[in-house]
Amino acid sequence: MSEILLRNIDLCLTMDDADTEVSHTDILLQHGQIAQIGSGLHADETLDCSGCLVTPGLVNTHHHLFQTLTRAVPGAQDAALFGWLQRLYPIWARFTPDHMHVSAQIGLAELALSGCTTSSDHLYLFPNGSRLDDTIHAAAEIGLRFHPTRGAMSIGVSDGGLPPDNLVEDEAVILAECQRVIEAFHDPAPGSMCRVGVAPCSPFSVSRELMRDAALLARDMGVMLHTHLAENDEDIAYSLATFGCRPGQYAEDLGWTGDDVWHAHCVKLDGAEIDLFARTGTGVAHCPCSNCRLASGIAPVRAMRDAGVKVGLGVDGSASNDAGSLVEEARQAMLLQRVASGPSAMSAREALRMATRGGAEVLGRGAEIGQIAPGFRADLAIWDLSTIETAGSWDKAALLLAGPRRVRDLFVEGRQVVADGQITTLDLPVVIERQTALARQLAE
């Protein structure tokens, strides 16, 4: 649709510089952008938003979509990071392009229903002919704005790494494949629906040389960089034992800081590393539910934000989260900071701002998405405030305290991806049936 009017909105949270909240308003969407906000607007097509809250679409800055096929796997349910990975690697080694595609469809649909309009993805293993293309095609079908990153593992267990040897790749092949997918799919234009990044998996699964070469390639081709960093105590110990320095120093030495870089987790950053990230404009994808599930710890998000670090939210993989709801992730982020630093450490509004504008800034899209303002892309989440979750709530804007956990409607680039709580772009029950069958085959 080229034009639609969202009318009779009860409350609009704009996430602009002034944190403006507008009551009883309309929003006109034209040609994929927000055209006007105000009353008395007109369009041929309208959507009644009476009794609804409208927010910018949520932005997911870290995911492993392939993992939606391995939720709640016995033997991995009660393990920390390294043991969890060692349990799952052999299962993931049996994946095919079909597994990758279907799991991405399910993961992206789940995100959309939780209010997410933009998602990154970190795919770092490519067994049996799987390619990044498999997830990119799934995102195009669903209709979400997508930031896929071409991950990699190059050091197997026989060379002192963590992954099994049959899941690692030759480093020359990795770099060539990164270049191929960037040339094939990356779109740097305003309003782009697909921007590709380069993302070696982690310091314990690739060489220093690949980290350095990947950064050089990404900057030569004008794309962003992503990896896991400082996820838990094991991660810190590995860095100290193997590289003789903490993860922050390792990243800085290899060119992995800057406003074109974002790191996932960062649970164990110390004060000097936080200052480094703030000074260099390096972003962080905070994944609170996964961090809890793997007992990695509580990331120092309050200290990061106070220092000026860009922080967005990520659901992480569904094998370490078992869910893919970004609105639940925002609530968990708020609750954990309160547990760590007191009841005023993070408000519901600040956590929602991290989930919208914060994520947009981390992904380098702060001038396009994450706000509701004329000229921004028409990525909007519409929340029905008449549900049982909000019954009795005094503050409509406190979505993360008392509010629905699924959207009523979702627009991405002005196109309706969710209508009346249902995905519009694919036959979800059929895909769920296929996903269930694939998971059952893997388990057997």
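Residues numbered from 1 in each chain as written. Predicted model: local features only at pLDDT ≥ 70, side-chain atom pairs only at ≥ 80, totals over all residues. Heavy atoms only, no water.

Colleague: Got a minute to help me understand the nonpolar core in this structure?
Modeller: Grouped burial of nonpolar side chains is what soluble globular proteins tend to show. If you look at the biggest cluster of nonpolar residues, it comprises 119 residues, and the most contacted ones within it are Trp 84, Leu 85, Trp 92, Leu 144, Trp 256 and Met 304. Examining the composition of this core, we find that 9 residues originate from one element, helix α2 (residues 97-113), more than from any other. Apart from the residues lying within four places of it in its own chain, the contact partners of Trp 84 are Gln 67, Ala 76, Ala 79, Trp 92, Arg 293, Leu 294, Ala 319 and Ser 320. (Core = buried A, V, L, I, M, F, W, Y, C linked by side-chain atoms within 4.5 Å. Buried < 20%, exposed > 50% of the residue type's maximum accessible area, 1.4 Å probe, protein only. Helix = DSSP H or I, 4+ residues; strand = E, 2+ residues; numbered from the N terminus. Contact = heavy atoms within 4.5 Å.)

Colleague: Would you take a moment to explain empty space enclosed by the protein for this structure?
Modeller: Left-over empty space is what a probe sized like a water molecule reveals as it rolls over the atoms. As enumerated under the stated definition, the model contains 2 cavities of 30 Å³ or more in all. Considered as a void within the structure, the largest cavity measures approximately 120 Å³ in volume. Around the largest cavity sit 17 residues that line it, and Leu 81, Trp 84, Leu 85, His 228 and Glu 231 are the ones nearest its centre. Among the elements that line the lining of the largest cavity, the one with the most residues is helix α1 (residues 81-92), at 4 residues. Across the lining of the largest cavity, the residue classes break down as 8 nonpolar, 7 polar and 2 charged. (1 Å grid on protein atoms, 1.4 Å probe; cavity = no way out; pocket = protein on both sides within 12 Å on 5 of 7 lines; lining within 4 Å. Points joined across faces, edges and corners; volume = space filled by probe spheres on them. Nonpolar A, V, L, I, M, F, W, Y, C, P; charged D, E, K, R; others polar.)

Colleague: Can you walk me through α2 in this structure?
Modeller: Owing to its 3.6 residues per turn, the α-helix brings residues three or four apart onto one side. For α2, which comprises 17 residues, the first-to-last C-alpha distance of 25 Å matches the rise-based estimate of 24 Å (1.5 Å per residue) to within 8%. Of all 17 residues making up α2, 13 are buried, and the element is well covered by its neighbours. Where α2 ends, the next residue or the one after it, Gly 115, has phi of about 95 degrees, a positive value. (Expected span 1.5 Å × (residues − 1).)

Colleague: Can you help me understand the packing of aromatic side chains in this one?
Modeller: Describing an aromatic ring pair means giving the distance of the ring centres and the angle of the ring planes. Applying the stated rule across the entire model yields 9 aromatic pairs. With 5.7 Å between their ring centres and 85 degrees between their planes, Phe 66 and Tyr 124 make a pair best called edge-to-face. Residue Phe 66 is found in the loop between β6 (58-60) and α1, and its partner Tyr 124 is found in the loop between β7 (116-123) and α3 (132-142); the two are separated by 58 residues along the sequence. Ring-pair connections join several aromatic residues into one group, and the members of that group are Phe 66, Trp 84, Tyr 89, Trp 92, Phe 95 and Tyr 124. Over the ring of Phe 126 we find Arg 150; its NZ or CZ atom is 3.7 Å from the centre of that ring. (Phe/Tyr/Trp six-rings, centres within 6.5 Å; stacked < 30°, edge-to-face > 60°. Lys NZ or Arg CZ within 6 Å of the ring centre and 35° of its normal.)

Colleague: Help me out: how do you make sense of the pairing of strand β3 (residues 33-38) in this one?
Modeller: Here strand β2 (residues 21-30) runs beside β3; their pairing, made up of 5 bridges, is antiparallel. Paired with Ile 27 across the strands is Ile 37, a residue of β3. (Pairing = 2+ DSSP bridges.)

Colleague: Sorry, what's going on with the pairing of strand β10 (residues 225-229) here?
Modeller: The side chains of a regular strand alternate between the sheet's two faces. In terms of residue burial, β10 counts as a mostly covered element, since 5 of its 5 residues are buried. In this sheet, strand β11 (residues 261-265) lies alongside β10 in parallel orientation, the contact comprising 5 bridges. In the sheet register, His 226 faces β11, and the bridge partner there is Trp 262.

Colleague: Which parts of the structure should I look at to understand the side chain of Glu 368?
Modeller: Within the fold, Glu 368 resides in the loop between α12 (348-362) and β14 (380-384). In terms of polar contacts, Glu 368 uses its side chain to reach the side chain of Arg 365, at 2.7 Å. Excluding anything up to four places from it in sequence, Glu 368 contacts Pro 190, Gly 191, Ser 192, Arg 195, Phe 376 and Arg 377. (Polar contact = N/O pair within 3.5 Å; in protein donor to acceptor, adjacent residues only side chain to side chain.)

Colleague: Explain the environment of Ser 318 to me, please; I cannot follow it from the model alone.
Modeller: Tracing the sequence through the fold places Ser 318 in the loop between β13 (310-313) and α11 (326-341). Of the residues examined, Ser 318 reaches a relative accessible area of 0% and is grouped as buried.

Colleague: Please clarify how the packing of α11 against α12 should be interpreted in this entry.
Modeller: For the pair α11 and α12, the least separation of the axes is 9 Å and the interaxial angle reads 130 degrees. Viewed along their axes, α11 and α12 adopt a mutual orientation that is oblique. For the crossing formed where α11 meets α12, the hand is right-handed. Residues Leu 326, Ala 330, Ala 333, Met 334 and Arg 338 of α11 pack against Ala 348, Ala 351, Met 354 and Ala 355 of α12. Of the residues belonging to the contact of α11 with α12, the class tally is 8 nonpolar, no polar and 1 charged. (Axes fitted to C-alpha atoms, helices over the stretch in contact; angles between N-to-C directions. Parallel < 35°, antiparallel > 145°, perpendicular 65-115°, else oblique. Left-handed = near helix turned anticlockwise from the far one by under 90°.)

Colleague: Looking at this structure, I do not really get the environment of Ser 103. What am I missing?
Modeller: Tracing the backbone through its elements, the reader meets Ser 103 in helix α2. Residue class for Ser 103 comes out buried when judged on its relative accessible area of 0%. Put simply, Ser 103 and Asp 384 are 281 residues apart on the chain and 28 Å apart in space, counted from C-alpha to C-alpha. When near neighbours in sequence (up to four residues on either side) are disregarded, Ser 103 contacts Leu 65, Phe 66, Thr 68, Leu 69 and Gln 435. Only 3.0 Å separates the side chain of Ser 103 from the backbone oxygen of Met 100, close enough to count as a polar contact.

Colleague: Would you take a moment to explain the state of the cysteines for this structure?
Modeller: Under the criterion given, the structure shown has 0 disulfides. Free of any disulfide, Cys 194 has its nearest cysteine sulfur in Cys 178, 14 Å distant. (Disulfide = S-S within 2.5 Å.)

Colleague: Can you help me understand helix α13 (residues 428-443) in this one?
Modeller: For α13, with 16 residues, the first-to-last C-alpha span of 22 Å sits near the 22 Å given by 1.5 Å per residue. Those residues of α13 that are buried are in contact with α1, α2 and β17 (422-423).

Colleague: Would you mind going over the packing of α2 against α3 with me for this structure?
Modeller: Packed helix pairs are specified by the crossing angle of their axes together with the interaxial distance, meaning the distance between the axes. Two numbers describe how α2 lies on α3: the axes approach to 8 Å, and their chain directions differ by 35 degrees. α2 and α3 meet at a crossing whose hand is right-handed. For the pair formed by α2 and α3, the contact residues are Pro 97, Met 100, His 101, Ala 104, Gln 105, Leu 108 and Ala 109 on the first element and Asp 134, Thr 135, His 137, Ala 138, Ala 139, Glu 141 and Ile 142 on the second. When grouped by side-chain class, the residues that make up the contact of α2 with α3 number 8 nonpolar, 4 polar and 2 charged.

Colleague: Help me understand unusual backbone geometry in this model?
Modeller: Glycine aside, residues mostly have negative phi angles, and peptide bonds mostly take the trans form. Although it is not a glycine, His 24 sits at a positive phi angle of roughly 50 degrees. Inspection of the secondary structure assignment puts His 24 in strand β2. One non-glycine residue, Cys 266, adopts positive backbone phi at about 55 degrees. Relative to the helices and strands, Cys 266 is located in the loop between β11 and α8 (271-280).

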